Amino acid sequence: MLNRLKLGIRSKITLGYIVIILCLLAAIIILNHQITSLQEERNYIIKYDAKVQELTNNIEKYILDMESSQRAFIITGEPSYLEPYDNAAKSWKTDFNDLYLQLKEKPTQREKLKEIEETIEHWIETSGNPTIQFTKDNDTAALNEFFKVDNGRQDIEKMRNLFESFRSAENNYTQAKAHQLDKKNSQLTSGLFGILIVISTISIIIANGISQSIVKTITEVMQTIQEIAVTKGNFKRRIHVKTNDEVNELADATNLLLESVEKREWLQTNIADIVKKYQGISAISGLAETFLSEVAQKTEASLGAFYVREEIEDQVLFVKKATFADGDDLLGINSFKIGQGLIGQCALEKRILFYDNIPQNYRLIRTGLAEMRPQNILLVPIIFEGEVIAVVELATMTSFNDLQQELVKQVIENFGLTINSVLGRMEIVRLLNESRAMTEELQVQSEELQTQSEELQMQTEELTIINEQLEERTKEAESKSKELEKAKKELEETAEQLILNSNYKSEFLANMSHELRTPLNSILILSEMLAENSHNNLTDEEAEFAKVIHSSGEDLLALINDILDLSKVEAGKLDMIFNEVNMNEIPTQMEHTFAPVAIKKNLAFLISKANDVVDIFYTDEKRFHQILKNLLSNAFKFTESGSVTLTIQQLTQQQLTSNMQEVSADWLEITVSDTGIGIPKNKHQLIFESFQQADGATVRKYGGTGLGLSICKEFAKLLGGWITLQSEEGQGSSFTLTIPSLPNGIEEEQCQKLAMNEVAVTVEEVALIEEQPQEKEEVSQHEVEVFQGKNILIVDDDHRNIYALKTALEKRGMNILVAKDGLESIEIMQANHNVDLILMDIMMPIMDGYEAMTIIRQQMKQTDLPIIALTAKAMKNDRDKALQAGASDYISKPLNLDQLLSVLRVWLVSKGS
Amino acid sequence: MEQMQPLEQKIQLDKQTKLEIELLLEAIYRLSGFDFRQYNRSSISRRIYNRMKINNIPTISRVLEKVIHDKAFLEQLLNDFSINVTEMFRNPSFFKTFREKVIPSLRDYPEIRIWHAGCATGEEVYSMAILLQEEGLMERAMIYATDMNEQVLEKAKKGIFPIHKMQAYTKNYMLAGGAHAFSEYYKTDYQYAYFHPTLLKNIIFAQHNLVTDQSFNEFHVILCRNVLIYFSPQLQSYVHQLLYESLSDQGFLCLGDKETLRFEEVISNYAEIACNERIYQKKH
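What counts and how
Residues numbered from 1 in each chain as written. Chains lettered and ligands numbered in written order. Predicted model: local features only at pLDDT ≥ 70, side-chain atom pairs only at ≥ 80, totals over all residues. Helix = DSSP H or I, 4+ residues; strand = E, 2+ residues; numbered from the N terminus. Buried ≥ 20, exposed ≤ 12 C-beta atoms within 10 Å, placed from the backbone. Contact = placed C-beta atoms within 7 Å. Nonpolar A, V, L, I, M, F, W, Y, C, P; charged D, E, K, R; others polar. Right-handed = clockwise from strand over helix to strand, strands pointing away. Pairing = 2+ DSSP bridges. Arc of directions from axis to C-beta. Axes fitted to C-alpha atoms, helices over the stretch in contact; angles between N-to-C directions. Parallel < 35°, antiparallel > 145°, perpendicular 65-115°, else oblique. Left-handed = near helix turned anticlockwise from the far one by under 90°. Core = buried A, V, L, I, M, F, W, Y, C linked by C-beta atoms within 7 Å. pLDDT = per-residue confidence, 0-100.

Quick look at the overall build of chain B
Right, so step 1: Counting secondary structure elements, chain B contains 9 helices and 10 strands.
Right, so step 2: Among the 284 residues that make up chain B, the fraction classed as buried is 43%.
Right, so step 3: A separation threshold of at least 6 residues defines the contact pool for chain B, and within that pool the share at least 24 residues apart is 77%.

Written out as structure tokens, the structure is:
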């Protein structure tokens, strides 16, 4: 900077004013001088003029006095008159000399004066003195003489003229002088104005100069500041002022401010930069790395290390988390304790330590080319809530300036908080992760548990099944062993009885043969004779009777023979002869045989044969007849009143199972039903056993061998068919014989197949079916389990719906309760606690489905009872409302039976199974 | 020091167990190609212990021996490892939200590809099929249902579910905003509910292993619910990457209710559509 003379604004302004004042002063002095000289000149002129006037006047007066005094003296001769003369003669000369002196600069006037003097002196010489002398001398003549000429007068006249010209000359002179003065005066005035203008000009120039110099710098400063303001933070710019005044100082001060602002700006920008960089970092090592690299970059540090406080096994350690410019991971110690070394000291003292005397063995900073010793080290503790939570060490090859140190200081001020929050966040993330892991683990475990429970359930189920099977087997085994025991006993008994039986049998048979054949013989012979009616003494009817008796007797004989053959039947040794049978004859034959019995017992005997029954049917006629007769005679035997009906039908193709079709295309179903005593269900099986009747009482009451049904059953089997029984005690019985038309006789395989058929056709029956296929049995059993005995409440106001539902569901073993509206359903629910499921229509009078469901769910607390709402298909709103009211499921109208049953299965199946 | 002894022993034991499990998993991988090495260890070890308990095997090494020599046992163990807990309309609110928030976006696609990763016995696949049918999208949709366990896939293909679960499924269906009667979709017998085969029309069941197999298409929706919980975090990240790459732009990823993307790297590429239901949408 040039050491310029300091010239402040104040001095500038003062100087300006002084210059102006001086100018004014000079002007005033000059003017004053001028005015004074003018005045003097004027005074001189006035004085001179007056003096000259006075002197001339005096001289003139003196002369005139002298003249008058001369004259007076002359006239009077009185000497007293001469006195003025003398005085004047003495005095005028002084005045004249005086005047002469006055005119020393005016030779022309002097000339004139001299002329006047000469004239005066001439007068005195020629006129005055002589006359006076004359008078004194009383020389009157001379006087007269003199006055005759009177030269004096001429002189006086001349003198007067001379004075006159003198005076006018003098006047002219004065006039000229005055004129000169006037001129001078006007010159002075114009001079005054000139000075005024000059001074004004000077003042303006000075004022302009000063203000210019002040304003210019201020404007410069202002512009610079404005530019800084406009460029927003271009604090690099400085104000340059050439003048050396207060503005310069202002500029200097502003520059200083700018500098500090720039520093602050730098600090803030860098801090903001650094802060921005480590935002969003969630790991402490990443944070440390970012922080270190940023700070090192900003402070031009060449080495750096970042240590974070950790508590390891109750020991507070600072552990290295990041390094800067450290190629191999060897930079510095990996951890230190508080107070350990300078860095530990830094942590202990909680203040920044700065070193510029670096020990010889401090680590060298490496570049690609060389290794250098750092110049400065900065150890910075990062404090959070009064605790040092991290320490940063920085080293540089140059030196950390104040600004960089300040940066570090400021950066770490809030960094503690950041570290803490990052640590906190890491902890939170860790905990969250842990909790997530735990949640997942829980889910996994719960799923595993579910799987396990399912497995367990399956195992339990398996176990249960196995158990059941075992139990069953045990039971079976038990029962078998019992049976065995029983069988053993029975065997023993039978063995005993067998002997007896065989004895009985042979005895019986012998008896029969004997007892029956004997009367039969006579009956046969006699009836034959009667029938012949050789004497013609019998009516036709009686002859007919005789024929019947004869044919019955023959049948009886045949039966007796058959009884003998029963053992053969059971051993399968009975010969079957399949032949054409004219089905049209059957009704007549049966009519013939049983009409008398019917008449005798006063029973109606109805025979109906369907039209579609084939005419020619292939079977063993003898056995077929025997079965029919057996069944019919049984029917008549056990019927006290009412009727016995024989129905012959051909089975339609639809009724035939595939197995049946394989055997034959034509099947007959001959049913013998009665209105007799009937057979209790538990005896159904029994009556087909040999030598059995429903109970002992029957034997006593009705007699008979009990052989008939047994033989029928065996014969039916041999004919490829079977007999089924439908009967209830007191309700009459209905035996149905189902047999195929077998033109080619019967084979073993067919027999087996037919055994299966028996099952299919007689699902509802218990009688003859001994071997049912396992699967089918299970299905029906479960089906029965699901539906059987379940109480279903149907709530609907439409009778047709109710009827349809009721029929369909009752058919599957469900018990149906019916309510016609919601209110009724509630009443039923209150009265009956065993409802398993409700089918609830929505649109109903009195109380609709929603209300009813709400009451059942909320007031009756029946939360688990399945309620299936029956909704109209298109109305989603209905469905939602139904669900809200507490429906377990819904099903759309019109109902599809399959769907309804599916839903019922879903809701009736026990949850645990 | 004396007190430290048992602890160290325990650690030693744990190490041994770890080694045993690692060897076992390695063997399983080599023998069957199923890679459980990165599965959640605690779960896997529980499964192993469970099997050990059932079969009365004293050590994992014996299990290893059995696995190597007894093919049936290996199959059994593999079956044990795959947990197939699922139900129809599981977490009904998920399906409800799916109906409300995802379906509208799918309507614009001429063809919708959905990947059911880890479909197990297929309950959720059928649920999705029902949902799509009700929304009128079934004709355009193709559901690829995959699982690594072929046995369960066989079950899934049949669409037969135990009848005693149907009550719960019905409830779920209704809570999920079902538009019809649930019974319209199945028939029953005393034991099972049989879902209509028409539902199967646009479903492809295929064996796929998330751990070892690559993506096989680009999908508009990926459902991978309660599958990743069995994986280790690393494996989860890997699979998330796989799923991300298999999604089309603006595609939807659906996770199980206990799973979250929050800690996964890929989260930045997804927008949360329904956070509580774990439905995410891939960003552009």
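A word on the overall build of chain A
Right, so step 1: From N to C terminus, chain A includes 22 helices and 20 strands.
Right, so step 2: Sorting the 913 residues of chain A into buried and exposed places 27% on the buried side.
Right, so step 3: Pairs at least 24 residues apart make up 65% of the contacts formed inside chain A by residues separated by at least 6 positions.

Quick word on the interface of chain A and chain B
Right, so step 1: Tallying the contact residues gives 32 residues for chain A and 31 residues for chain B.
Right, so step 2: Among the secondary structure elements, those contributing two or more residues to the side of chain A that touches chain B are α9 (402–532), α17 (774–787), α21 (876–885), β20 (889–893) and α22 (897–908) of chain A.
Right, so step 3: It is α9(A) that contributes the most residues to the side of chain A that touches chain B, 12 residues altogether.
Right, so step 4: Within the side of chain A that touches chain B, the residues separate by chemical class into 10 nonpolar, 11 polar and 11 charged.

A closer look at the pairing of strand β16 (residues 791–795) of chain A
Residue and element names in this part refer to chain A.
Right, so step 1: Along β16, 4 of the 5 residues are buried, which leaves the element largely enclosed by surrounding structure.
Right, so step 2: The parallel pair β16 and strand β17 (residues 815–819), bridged by helix α18 (residues 799–810), forms a crossover whose chirality is right-handed.
Right, so step 3: Sheet topology note: the β16/strand β18 (residues 837–841) ladder contains 4 bridges and is parallel. By the bridge assignment, V795 is partnered in β18 with M840.

Focus: helix α3 (residues 60–69) of chain B
Right, so step 1: Turning to α3(B), its buried residues are I60(B), V63(B), L64(B) and V67(B). One side of α3(B) carries all its buried residues, which in axial view fall inside an arc of 105 degrees.

Quick look at the environment of D880(A)
Right, so step 1: Inspection of the secondary structure assignment puts D880(A) in helix α21.
Right, so step 2: Once the C-alpha coordinates of D880(A) and Y890(A) are considered, the two residues, 10 residues apart in sequence, prove to be 9.9 Å apart.

Overview of the pairing of strand β1 (residues 112–117) of chain B
Residues and elements named next belong to chain B.
Right, so step 1: For β1, the tally of buried residues reaches 5 of 6 residues, placing the bulk of the element in the interior.
Right, so step 2: Of the strand pairs in this sheet, β1 and strand β2 (residues 141–147) are connected by 6 bridges, and their pairing is parallel. Residue pairing for β2: I112 is matched across the bridge by A141.
Right, so step 3: Note on the crossover from β1 through helix α6 (residues 123–134) to β2: the handedness is right-handed.
Right, so step 4: Bridging between β1 and strand β7 (residues 219–224) involves 3 bridges; their strand directions are parallel. Its bridge partner lying in β7, H116 is registered against L223.

As for the sheet that holds strand β12 (residues 643–650) of chain A
Residue and element names in this part refer to chain A.
Right, so step 1: The strand order across the open sheet formed by 5 strands is β10-β12-β13-β15-β14, and the pairing between neighbours is mixed. Every other strand in the sheet has two partners, leaving β10 (604–609) and β14 (722–727) as the edge strands with one partner each. With direction set aside, neighbouring strand axes in the sheet form an average angle of 15 degrees.
Right, so step 2: Taken together, the 7 bridges between strand β13 (residues 667–674) and strand β15 (residues 733–740) define a ladder with antiparallel strand orientation.

Overview of the packing of helix α19 (residues 822–831) of chain A against helix α20 (residues 849–859) of chain A
Residues and elements named next belong to chain A.
Right, so step 1: The geometry of α19 relative to α20 is characterised by a closest axis approach of 8 Å and an angle of 25 degrees between their N-to-C directions. With respect to α20, the axis of α19 lies roughly parallel. Classified by chirality, the crossing of α20 by α19 is right-handed. Between α19 and α20, the contacting residues are G822, S825, I826 and M829 on the first element and G849, E851, A852, I855 and I856 on the second.
Right, so step 2: Residue composition of the contact of α19 with α20, by class: 5 nonpolar, 3 polar and 1 charged.

Points about the nonpolar core
Right, so step 1: Ranked by size, the top nonpolar core spans 119 residues in total, and within it M840(A), I868(A), A129(B) and I222(B) carry the most contacts.
Right, so step 2: Looking at this core element by element, the count peaks at 7 residues for α6(B).
Right, so step 3: Among all residues touching I868(A), those that are not within four sequence positions of it are L837(A), L839(A), M840(A), A887(A), S888(A), D889(A), Y890(A), I891(A), V903(A) and W907(A).
Right, so step 4: Listed in part, the 41 residues of the second largest apolar core include I284(A), L378(A), I382(A) and A390(A).

Considering unusual backbone geometry
Residue and element names in this part refer to chain A.
Right, so step 1: Even without being a glycine, E300 presents a positive backbone phi close to 55 degrees.
Right, so step 2: Topologically, E300 is positioned in the loop between α7 (284–299) and β1 (303–312).
Right, so step 3: The partly exposed category is assigned to E300, around which 14 C-beta atoms lie within 10 Å.
Right, so step 4: The backbone of K861 sits at a positive phi, close to 55 degrees, despite the residue not being glycine.
Right, so step 5: Relative to the elements of secondary structure, K861 occurs in the loop between α20 and β19 (867–872).

Overview of the confidence of the model for chain A
Right, so step 1: Per-residue confidence for chain A gives a mean pLDDT of 77, with 85% of residues at or over 70.
Right, so step 2: In the predicted structure, residues 755–779 of chain A sits below a pLDDT of 50 and forms 27 contacts with residues beyond four places in sequence or in another chain.

A short note on the confidence of the model for chain B
All names here are of chain B.
Right, so step 1: In this model, chain B carries an average pLDDT of 86, and 95% of its residues clear a pLDDT of 70 or more.
Right, so step 2: A low-confidence stretch, residues 1–11 (pLDDT under 50), is modelled with 0 contacts involving residues beyond four sequence positions or located in other chains.
Right, so step 3: Predicted as a complex, the structure gets a pTM of 0.49 and an ipTM equal to 0.80.

Things to note about the packing of helix α5 (residues 151–231) of chain A against helix α6 (residues 246–277) of chain A
Axes are the key here: two packed helices are described by the angle between their axes and the distance separating the axes.
Residues and elements named next belong to chain A.
Right, so step 1: At a closest axis distance of 9 Å, the pairing of α5 and α6 adopts a crossing angle of 15 degrees. The angle between the axes of α5 and α6 places the two elements in the roughly parallel class. When the axes of α5 and α6 are compared, the crossing they make is left-handed. In this structure, α5 uses I214, T217, I218, V221 and I225 to contact α6, whose residues at the interface are V247, N248, L250, A251 and T254.
Right, so step 2: Broken down by class, the residue content of the contact of α5 with α6 amounts to 7 nonpolar, 3 polar and no charged.

Things to note about the sheet that holds strand β4 (residues 353–355) of chain A
Residues and elements named next belong to chain A.
Right, so step 1: Overall, antiparallel pairing links the 6 strands, which are arranged β3-β2-β1-β8-β7-β4 in an open sheet. On the outer flanks of this sheet lie β3 (335–337) and β4, each paired with one strand and no other. Across the sheet, the mean angle separating the axes of adjacent strands is 20 degrees when strand polarity is ignored.
Right, so step 2: Relative to strand β2 (residues 315–324), β1 is paired through 9 bridges, and the arrangement is antiparallel. Looking at β2, one finds that A305 is bridged to T323.
Right, so step 3: Relative to the sheet, α7 contacts β1, β2 and β8 (387–396), its axis offset from that of β2 by approximately 55 degrees.

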